[in-house]
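So the chains spell out like this:
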Amino acid sequence: MEILLTGVSGCIGRAVAADLRQHGHEVVSVVRTKSDALCAAAAIEADLSRPLAFETLPAKIDAVMHLAQSRRYREFPGGASEMFQINVAATHSLAA
């Protein structure tokens, strides 16, 4: 199964990516920087606070696991716009 995973550089995302690979799944991660791609077979560099470039995503994915969150989650209301873009708008874009 090919799984698109965001948030792979976080504690939960790292563990999920490792577990998925251990069970034979191909993990394609969406990362802020290539250095964040710890346990993924392939990595797509993207800033989820901006609209996604769909042409950079795989043509076929079996599942999406969106675990990314804004680094500004403690900065309310100052970080609210970025939180919305990553936590809500990116979720919608990845599901579409």
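Predicted model only: the values in this text are computed from it and were never measured.

How should I be thinking about the overall build of the protein chain in this particular structure?
Of the regular secondary structure elements, the protein chain holds two helices and four strands. When the helices and strands of the protein chain are read in sequence order from the N terminus, they spell out β-α-β-β-β-α. Once the C-alpha set of the protein chain is aligned to its principal axes, its extents read approximately 40 × 25 × 20 Å. Looking at the protein chain residue by residue over its 96 residues, the buried ones come to 32%. Long-range pairs, those at least 24 residues apart, make up 48% of the contacts in the protein chain with a sequence separation of at least 6. In the structure as shown, the protein chain presents an accessible area of about 5,800 Å², 56% of it carried by carbon and sulfur atoms. One finds the centroid of the 9 positive side-chain charges in the protein chain at a distance of 6 Å from the centroid of its 10 negative side-chain charges.

Before we go on, may I ask you to explain the side chain of Ser-49 in this structure?
Within the fold, Ser-49 resides in the loop between strand 3 (42-45) and strand 4 (63-66). A polar contact is formed between the side chain of Ser-49 and the side chain of Asp-47, at a distance of 2.6 Å. Aside from chain neighbours lying at most four places away, what touches Ser-49 is Glu-82, Gln-85 and Ile-86.

So what exactly am I meant to see when it comes to the confidence of the model for the protein chain here?
Note: predicted coordinates in regions of low pLDDT should not be interpreted at a detailed level. Looking at the protein chain as a whole, its pLDDT mean stands at 86, while 92% of the residues score no less than 70. Per-element mean pLDDT across the protein chain ranges from 85 in strand 3 up to 94 in strand 4.

Can you walk me through helix 2 (residues 80-95) in this structure?
Each full turn of the α-helix corresponds to 3.6 residues, which orients residues three or four apart in the same direction. Look at helix 2: 22 Å from first C-alpha to last across 16 residues, which is about the 22 Å you get at 1.5 Å a residue. At Ala-89, helix 2 is bent by approximately 35°, the largest bend along its length. Among all positions in helix 2, only Met-83, Ile-86, Ala-90 and Leu-94 are buried. Looking at the buried positions of helix 2, the neighbouring elements they touch are strand 1 (2-6) and strand 4.

Would you mind going over the nonpolar core with me for this structure?
Considering soluble globular proteins, one finds that nonpolar side chains tend to be buried as a cluster. Counting 12 residues, the largest nonpolar core consists of Leu-4, Val-28, Val-30, Ile-44, Ala-46, Leu-48, Leu-52, Leu-57, Ala-68, Ile-86, Ala-90 and Leu-94. Within the residue set of this core, elements represented by two or more residues are strand 2 (26-31) and helix 2. Take this core: its biggest share by element is three residues, from helix 2. Contacts of Leu-57, omitting those with residues within four sequence positions, involve Leu-4, Val-30 and Ile-44. If you look at the next biggest cluster of nonpolar residues, it comprises seven residues, including Ile-3, Ala-17, Val-27 and Val-31.

Rules and cut-offs
Numbering of residues begins from 1 in every chain and follows the order in which that chain's sequence is written. Since the coordinates come from a predicted model, pLDDT governs what is reported: local features require at least 70, and pairs of side-chain atoms require 80 or more to be given and counted, while whole-chain, interface and lining totals use all residues. Calculation of side-chain values draws on the structure's entire complement of heavy atoms; hydrogens and water are dropped beforehand. A run of H or I in DSSP becomes a helix once it reaches four residues, and a run of E becomes a strand once it reaches two; helices and strands are each numbered from the N terminus. Exposure is judged per residue with a 1.4 Å probe applied to protein chains only, and the accessible area is read against the type maximum: over 50% gives exposed, under 20% gives buried, and values in between give partly exposed. Two residues qualify as a contact provided that any one of their heavy atoms is within 4.5 Å of a heavy atom in the partner residue. Per-residue and other accessible areas follow the Shrake-Rupley method at a 1.4 Å probe size, with only the shown protein chains counted as cover for residues. Charge counting follows a simple rule: Lys and Arg are positive, Asp and Glu are negative, and His as well as the terminal groups are ignored. Where a charge lies is defined by one atom per residue type, namely NZ (Lys), CZ (Arg), CG (Asp) and CD (Glu). Two N or O atoms form a polar contact when they lie within 3.5 Å of each other; inside protein one atom must be a possible hydrogen donor and the other a possible acceptor, and for residues adjacent in sequence the pair counts only when both atoms belong to side chains. pLDDT expresses how confident the predictor is about each individual residue, on a scale running from 0 to 100. Residue count minus one, scaled by 1.5 Å, sets the expected span of a helix. Think of it this way: the bend at a residue is just the angle between two axes, each fitted to seven residues, one set ending at that residue and the other starting at it. Throughout, nonpolar core names a set of buried Ala, Val, Leu, Ile, Met, Phe, Trp, Tyr and Cys residues whose side chains join them through atoms within 4.5 Å.

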